[in-house]
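# Structural description and commentary
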Amino acid sequence: MHKDLERILFTEEQIRERVVALGKQITADYDGKEIVAVGILKGAIVFFADLVREIKLPVKFDFMAASSYGASTKTSGTVRILKDIDTDIENKHVIIVEDIIDSGLTLKYLKENFEHRKAASVKLCAMLNKPEGRRTDIKGDYIGFDVPDEFIVGYGLDYASTYRNIPYIGILKKSVYA
Ligand SMILES: O=P(O)(O)OC[C@H]1O[C@H](OP(=O)(O)OP(=O)(O)O)[C@H](O)[C@@H]1O
Ligand code: HPA
Ligand SMILES: [Mg+2]
């Protein structure tokens, strides 16, 4: 285990099993449709790469970069869009792919933004969900795992731009940021 982790929540094997199941569910739900998967950089990149390969339907890729945490374990409350998608999503079935829904501020902002562009449908898929962090009424449509109210890293999730490449998911020691 990485020395800065308090404990591992989900191993590589548990993550793989859950991602396969999510891919199957999405494949069944979107039968006959084409999907535009929009990954939210940077955190979603690892999950995105694994998930899209488990969806057995035509999937177009696009990416948006949004940031609200910076080098903190608390949301700044302001979602900044650093890069927009370049696909015209009007009448398209969009799945927004995220690493985590915590306060929900990022996804609430993005979901409304996508609906204004007249997508045929917009659903949210997140690897992790932290219900106790929530400050909005946003809910995910496809969720990998619920996590406790702790700061989580690995599998794309960072603290101050570090730990994203840890292949499993764990709780960061408080001594690292307190
Ligand atoms: O539900 P919320 O409280 O809004 O938190 C979730 C968002 O915060 C993180 O992004 P961050 O701003 O850290 O950017 P990053 O993806 O580049 O790490 C994470 O990747 C989600 O996008
Ligand atoms: O628990 C978290 N870990 C990493 N990034 C995050 N962004 C929101 N919540 C988290
Ligand atoms: Mg982050």
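Everything quoted here is computed from the prediction, not taken from an experiment.

Further remarks concern the confidence of the model for the protein. Of all residues in the protein, 100% attain a pLDDT of 70 or more, and the chain-wide mean is 96. What the predictor reports for the complex is a pTM of 0.96 with an ipTM of 0.97.

The full set close to ligand 1 counts 18 residues, and Gly 43, Tyr 69, Asp 102, Ser 103 and Thr 106 are the nearest of them. Looking at the shell around ligand 1, the elements that each hand over two or more residues are β3 (59–67), β5 (93–101) and α3 (105–116). Among the elements that make up the shell around ligand 1, the one with the highest residue count is β5 (four residues). For the shell around ligand 1, a count of residues per class yields six nonpolar, seven polar and five charged.

Take α3 next. The end-to-end C-alpha distance of α3, which contains 12 residues, comes to 17 Å, matching closely the 16 Å that a straight helix rising 1.5 Å per residue would cover. Looking only at α3, the buried set comprises Leu 105, Thr 106, Leu 107, Leu 110 and Phe 114. Looking at the packing, one finds that the buried side of α3 touches β2 (35–41), β3, β5 and β6 (121–129).

Thresholds applied
- Residues numbered from 1 in each chain as written.
- Chains lettered and ligands numbered in written order.
- Predicted model: local features only at pLDDT ≥ 70, side-chain atom pairs only at ≥ 80, totals over all residues.
- pLDDT = per-residue confidence, 0-100.
- Near = placed C-beta within 6 Å.
- Helix = DSSP H or I, 4+ residues; strand = E, 2+ residues; numbered from the N terminus.
- Nonpolar A, V, L, I, M, F, W, Y, C, P; charged D, E, K, R; others polar.
- Expected span 1.5 Å × (residues − 1).
- Buried ≥ 20, exposed ≤ 12 C-beta atoms within 10 Å, placed from the backbone.
- Contact = placed C-beta atoms within 7 Å.

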